[in-house]
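Overview (structure and organization)
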Amino acid sequence: MDKVSKAAALAMGLRMERSAILVANIANKDTPGYTPLELNFSQAMKDVLSGRSEPEGMRAPDSGVAMAGEPSLGRGEVVFDPGRVPGEDGNSVDLDREINRQVDNAIGYQTAAKIIKKKQGFMTYALNVKG
């Protein structure tokens, strides 16, 4: 697999992880003391593309109240991302911010999928050209 396809495939995987984290943040908007989580997407991509070792698994934050799902299934570092000052119940989820980040994440996922589809189209064309 070439570098572009590998990067696009990695981006799709990380975008799926980030989506799960953002959905968990939205689902916990009424959980007292909940601090939203965020996937350190940029750093995970930089590490892999620069040749550093691929992250083995999603690492949960060191402290605080949050739910990370299945941390061993992912690839990026999960960090606390308060988003705003916590309310009276200690919850700092900003619903509008989380929804906007989910939309941005979906656009990034679709972009990576289009890159892979285009690369596959080029390969199919090259294999079928009779010279």
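Just so it is clear, the structure is predicted and the values come from calculations on it, not from any experiment. (Residues numbered from 1 in each chain as written. Predicted model: local features only at pLDDT ≥ 70, side-chain atom pairs only at ≥ 80, totals over all residues. Heavy atoms only, no water.)

1. Looking at the packing of helix 1 (residues 3-27) against helix 3 (residues 95-128)
Interhelical geometry of helix 1 versus helix 3 gives an angle of 160 degrees and a closest axis separation of 9 Å. Classed by the angle they form, the pair helix 1 and helix 3 counts as roughly antiparallel. Every pair of crossing elements has a handedness; the one defined by helix 1 and helix 3 is left-handed. Along the lines of polarity and charge, the residues of the contact of helix 1 with helix 3 split into 16 nonpolar, 6 polar and 6 charged. (Axes fitted to C-alpha atoms, helices over the stretch in contact; angles between N-to-C directions. Helix = DSSP H or I, 4+ residues; strand = E, 2+ residues; numbered from the N terminus. Parallel < 35°, antiparallel > 145°, perpendicular 65-115°, else oblique. Left-handed = near helix turned anticlockwise from the far one by under 90°. Nonpolar A, V, L, I, M, F, W, Y, C, P; charged D, E, K, R; others polar.)

2. Observations regarding the pattern of salt bridges
All chains considered together, the criterion is met by 7 salt bridges. As a salt-bridge pair, Arg18 and Asp104 come within 3.8 Å of each other at their nearest N and O atoms. Of this pair, Arg18 sits in helix 1 while Asp104 sits in helix 3, placing them 86 residues apart in sequence. Residue Arg18 is classed as buried on the basis of its relative accessible area of 8%. The class for Asp104 is partly exposed, based on a relative accessible area of 43%. (Salt bridge = Lys/Arg side-chain N within 4 Å of Asp/Glu carboxyl O. Buried < 20%, exposed > 50% of the residue type's maximum accessible area, 1.4 Å probe, protein only.)

3. Re a nonpolar patch on the surface
On the surface, Leu95, Ile99, Val103 and Ile107 cluster together to form a nonpolar patch covering roughly 320 Å² of accessible area. Here Ile107 is to be found in helix 3. (Patch = residues over 30% accessible without salt bridge, like charges linked within 9 Å, V, L, I, M, F, W, Y side chains within 5 Å. Areas by Shrake-Rupley, 256 points an atom, 1.4 Å probe, with all protein chains shown as cover.)

4. Topic: the packing of aromatic side chains
A full pass over the atoms with the stated rule returns 0 aromatic pairs. If you follow Arg15 out to its NZ or CZ, it ends over the ring of Phe41, 4.1 Å from the centre. (Phe/Tyr/Trp six-rings, centres within 6.5 Å; stacked < 30°, edge-to-face > 60°. Lys NZ or Arg CZ within 6 Å of the ring centre and 35° of its normal.)

5. Here's the deal with the confidence of the model for the protein
Mean pLDDT for the protein: 80, with 77% of residues reaching 70 or above. When the elements of the protein are averaged for pLDDT, helix 2 (residues 41-49) gives the smallest value, 78, and helix 3 the largest, 92. Across residues 65-74 the pLDDT falls below 50, and counting only partners more than four positions away or on other chains, this stretch makes 24 contacts in the model. (pLDDT = per-residue confidence, 0-100. Contact = heavy atoms within 4.5 Å.)

6. A few points about helix 3
Helical periodicity: at 3.6 residues per turn, an α-helix aligns residues three or four positions apart in one direction. In a regular helix each residue adds 1.5 Å, so 34 residues correspond to 50 Å; helix 3 covers 49 Å between its end C-alpha atoms and thus fits that length. Here helix 3 has its buried residues at Glu98, Arg101, Gln102, Asn105, Gly108 and Ala112. Packed against the buried residues of helix 3 are helix 1 and strand 1 (37-39). By the N-cap criterion, in which a side-chain oxygen at the helix start approaches the backbone nitrogen of a residue two or three places on, helix 3 is capped by Asp94, the distance to Asp96 being 3.2 Å. (Expected span 1.5 Å × (residues − 1). Polar contact = N/O pair within 3.5 Å; in protein donor to acceptor, adjacent residues only side chain to side chain.)

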